[in-house]
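Here is what each chain is made of, one letter per residue.
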Amino acid sequence: MATEAQGAVEHADGMPQLDFSTYPNQIFWLVVTLVVIYLVLTKIALPRIASVLAERQGTIANDLAAAEDLKQQAVEAEEAYNKALADAKAEAGRIVAGARADIQKDLDDATAKADAEIAAKSAESEKRISEIRASALESIEAVANDTAVEVVKAIMPGAEDGKAVKTAVTARMKG
Amino acid sequence: MAVEGDLVQMGALVGAGLACTGMGGAAVGVGHVVGNYIAGALRNPSAAASQTATMFIGIAFSEALGIFSFLVALLLMYAQ
Amino acid sequence: MATEGGSGFNIHPMDQFVVKPLFGDGPIAWYTPTNVTLWLAIAILAVIALLVLGTRGRAIVPSRTQSIAELAYGFVYQMVEDVAGKDGVKYFPYIMTLFMFIVFANFLGLLPMSFTTTSHLAVTGTMAIAVFVSVTVIGFVKHGVSFLSLFWITAAPLALRPILALIEVISYFVRPVSHSIRLMGNMMAGHAVMKVFAGFAGALGIGAVAPIVAISAVYALEILVSFIQAYVFAILTCVYLKDALHPHH
């Protein structure tokens with residue numbers, strides 16, 4: 001510590017840290033500094049930061065609660081939507097089934113009617129056919145009868161006996 | 001330069017150099033602390049974060065002794 | 001003396017730590033504004049700029065400066081709560097003051113041509129002694145004489161306890177020494193090393209690649225050390241505080 005007196009300002013010959021003549025100065029200004037920083041921190045900075053952090057915490061909590069709420073609402077909306085969808089599907093199914101049943105019924109009616117008409121028409125036709133056949137048979141019999149009478153008259157004149165011929169023809173036609 | 005003065009100064013500087021070997025010990029100590037911390041942290045990474053402060057305290061304690069030897073060296077060099 | 005010996009480089013690594021008056025050349029009285037005063041004032045302004053001006057928006061979504069301020073707040077708060085316990089939280093402003101001051105003084109000291117207030121034993125020693133005294137006072141006020149059970153380790157065998165008590169007492173009183181010299185030594189050593197490398201670079205002139213690379217590396221390391229030493233100072237304060245609040249092992 002011998003040389004500090006003359007040479008301290010130009011070149012630090014010893015350790016400036018051990019130059020005890022500057023200690024009161026450093027300690028005084030350090031204490032001033034620490035007190036100023038302490039006052040600034042406790043009066044302004046720390047309460048402000050603490051309040052900002054608390055406020056943010058509160059905001060985040062609120063936002064989370066709101067988000068939870070909205071999520072709940074979304075779930076409810078989805079449920080309602082699903083229910084409406086299911087209802088609509090059921091309704092549509094019912095309408096389809098009803099329509100199908102109506103159509104089936106109409107179809108059955110129409111088929112039955114058509115069947116009945118067809119049956120009636122074919123019965124009529126059969127009737128007419130059988131009438132025609134009966135009349136044809138009668139005509140054949142009459143023609144056969146007449147022919148037979150004529151044939152008999154031609155073969156054996158005078159032996160015409162219409163009645164006997166007719167009986168014979170009828171028997172013949174039946175047999 | 002007087003010869004006697006040089007002898008005293010030489011002794012002080014040699015002593016300062018010898019005092020610096022103490023810093024090597026502190027380096028070994030700090031390396032040991034951090035190495036063991038990392039070995040433990042790799043085995044159990046979930047517990048690592050809670051022990052970081054402990055590691056720094058350990059570093060500080062072992063480093064302090066190295067700083068003491070550094071201080072002794074400085075005193076020998078400058079504060080005769 | 002030593003620096004004027006054999007070196008031809010003419011490096012004066014200790015010059016940066018010299019305390020000199022800001023105005024004139026007179027003797028340094030306790031009230032003289034010196035370069036210490038200047039850099040302490042700049043540290044105050046830096047703390048105010050970060051923690052007061054940075055947070056003046058009080059924004060819910062913070063700006064960058066406000067996030068840093070909140071980060072610092074949360075970091076120190078968490079540290080106090082974790083290390084010193086719940087009842088240590090009421091001392092949080094004091095530890096925040098120390099931490100913010102040291103961290104800014106360390107970082108400001110890294111500016112070229114600046115003065116590192118925390119590299120002086122007067123500064124770190126005052127803080128360490130203040131911590132030591134207040135922690136001891138808190139311990140005795142909270143626990144009375146039973147605070148002394150901090151030194152009487154009941155977990156140890158009875159025969160060992162007096163020896164352990166002696167060791168504990170010694171280590172208790174060494175606390176302020178190591179607490180202050182750790183910070184001062186780290187700051188001074190880093191800055192002196194940089195100054196020495198700068199002297200090499202100046203001696204080599206153009207082409208001094210290696211010293212400049214070394215300065216860059218040491219500078220990066222010093223940035224880390226600046227923060228870690230502030231952290232260590234604060235966390236050791238918390239540890240001492242915890243011992244005062246809960247002296248029973």
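Structure shown above.
Description of the structure in this document. On a predicted model such as this, the values are computed, not experimentally measured, just so you know.

Turning to the overall build of chain B, a few remarks are in order. Across its full length, chain B holds 3 helices and 0 strands. Scanning chain B from its N terminus toward the C terminus, one meets helices and strands in the order α-α-α. Here the C-alpha atoms of chain B give a radius of gyration of 19 Å, more than 25% beyond the 12 Å that 2.2 N^0.38 yields for 80 residues. Overall, chain B is about 65 × 15 × 10 Å in size when its C-alpha atoms are taken along their principal axes. Residues classed as buried in chain B amount to 29% of the 80 residues present. Taking the contacts inside chain B whose residues are at least 6 apart along the sequence as the reference set, 79% of them involve residues at least 24 apart.

Opposite the 41 residues of chain A that make contact, chain C presents 50 residues. In this assembly, chain A packs against chain C so that about 4,200 Å² is buried in total across both faces, 71% of it on carbon and sulfur atoms. On the chain A side of the interface with chain C, the three residues burying the most area are Q17, Q26 and R48 of chain A, jointly 15% of the side's total. Run the count over chain A and chain C and you get 1 salt bridge. A salt bridge links E70 of chain C to R56 of chain A; its shortest N-O distance comes to 2.8 Å. Counting every contact that joins chain A to chain C gives 13 residue pairs in polar contact (both at pLDDT 80 or more).

This part takes up empty space enclosed by the protein. Residues and elements named next belong to chain C. One pass over the structure, following the stated rule, counts 1 cavity of 30 Å³ or more. Approximately 30 Å³ is the volume found for the largest cavity. As for the largest cavity, its lining consists of A128, V131, F132, R175, P176, H179 and Y240. Only α4 (121-143) and α5 (161-204) provide two or more residues apiece to the lining of the largest cavity.

All names here are of chain A. Inspection of every chain in the model, using the stated rule, returns 5 salt bridges over all chains. K153 serves as the salt-bridge partner of E150, at 3.8 Å between the closest nitrogen and oxygen. Residue E150 and its partner K153 are located together in helix α2 (residues 23-155), separated by 3 residues, close to a single helical turn. By relative accessible area, which is 36% here, K153 ends up partly exposed.

So, about a negative patch on the surface. Residues and elements named next belong to chain A. A grouping of D102, D106, D108 and D109 is seen on the molecular surface, where their side chains present a negatively charged patch. Relative to the helices and strands, D109 is located in helix α2. Residue D109 is classed as partly exposed on the basis of its relative accessible area of 46%.

A few words now on the packing of helix α3 (residues 92-109) of chain C against α4 of chain C. Residue and element names in this part refer to chain C. Remark: α3 packs on α4, axes separated minimally by 12 Å, with the N-to-C direction vectors making an angle of 165 degrees. Relative to α4, the element α3 is oriented roughly antiparallel. The interaxial crossing formed by α3 with α4 has left-handed handedness. Mapping the contact onto sequence places L98, F101 and I102 in α3 and V123, M127 and V131 in α4. Classifying every residue of the contact of α3 with α4 by side-chain character gives 6 nonpolar, no polar and no charged.

Another point: the nonpolar core. If you look at the biggest cluster of nonpolar residues, it comprises 74 residues, and the most contacted ones within it are L51, M96, M100, F101 and M127 of chain C. Put simply, the parts of the chain that give this core at least two residues each are α2 of chain A, α3 (45-78) of chain B together with α1 (35-53), α2 (64-84), α3, α4, α5 and α6 (209-245) of chain C. Here this core gets 14 residues from one element, more than from any other, and that element is α6 of chain C. With near-sequence residues (within four places) excluded, L51 of chain C lies in contact with L41, A45 and I49 of chain A together with A69, M96 and M100 of chain C. Judged by nonpolar contacts, the second largest core, of 12 residues, contains M15 of chain A, I67 and Y78 of chain B together with M184 of chain C.

Bringing the environment of S178 of chain C into the picture now. All names here are of chain C. Considering the arrangement of structural elements, one finds S178 in helix α5. Classification of S178 as buried rests on a relative accessible area of 8%. Taking C-alpha positions, S178 is 20 Å from A192, a pair spaced 14 residues apart along the chain. For S178, the side chain forms a polar contact with the main-chain oxygen of R175, separated by 3.1 Å.

What counts and what doesn't
- Residues numbered from 1 in each chain as written.
- Chains lettered and ligands numbered in written order.
- Predicted model: local features only at pLDDT ≥ 70, side-chain atom pairs only at ≥ 80, totals over all residues.
- Heavy atoms only, no water.
- Helix = DSSP H or I, 4+ residues; strand = E, 2+ residues; numbered from the N terminus.
- Rg over C-alpha atoms; globule rule 2.2 N^0.38 Å.
- Buried < 20%, exposed > 50% of the residue type's maximum accessible area, 1.4 Å probe, protein only.
- Contact = heavy atoms within 4.5 Å.
- Buried area = accessible area lost by both parts, 1.4 Å probe.
- Salt bridge = Lys/Arg side-chain N within 4 Å of Asp/Glu carboxyl O.
- Polar contact = N/O pair within 3.5 Å; in protein donor to acceptor, adjacent residues only side chain to side chain.
- 1 Å grid on protein atoms, 1.4 Å probe; cavity = no way out; pocket = protein on both sides within 12 Å on 5 of 7 lines; lining within 4 Å.
- Points joined across faces, edges and corners; volume = space filled by probe spheres on them.
- Patch = residues over 30% accessible without salt bridge, like charges linked within 9 Å, V, L, I, M, F, W, Y side chains within 5 Å.
- Areas by Shrake-Rupley, 256 points an atom, 1.4 Å probe, with all protein chains shown as cover.
- Lys, Arg positive; Asp, Glu negative; His and termini not counted.
- Charge placed at Lys NZ, Arg CZ, Asp CG, Glu CD.
- Axes fitted to C-alpha atoms, helices over the stretch in contact; angles between N-to-C directions.
- Parallel < 35°, antiparallel > 145°, perpendicular 65-115°, else oblique.
- Left-handed = near helix turned anticlockwise from the far one by under 90°.
- Nonpolar A, V, L, I, M, F, W, Y, C, P; charged D, E, K, R; others polar.
- Core = buried A, V, L, I, M, F, W, Y, C linked by side-chain atoms within 4.5 Å.

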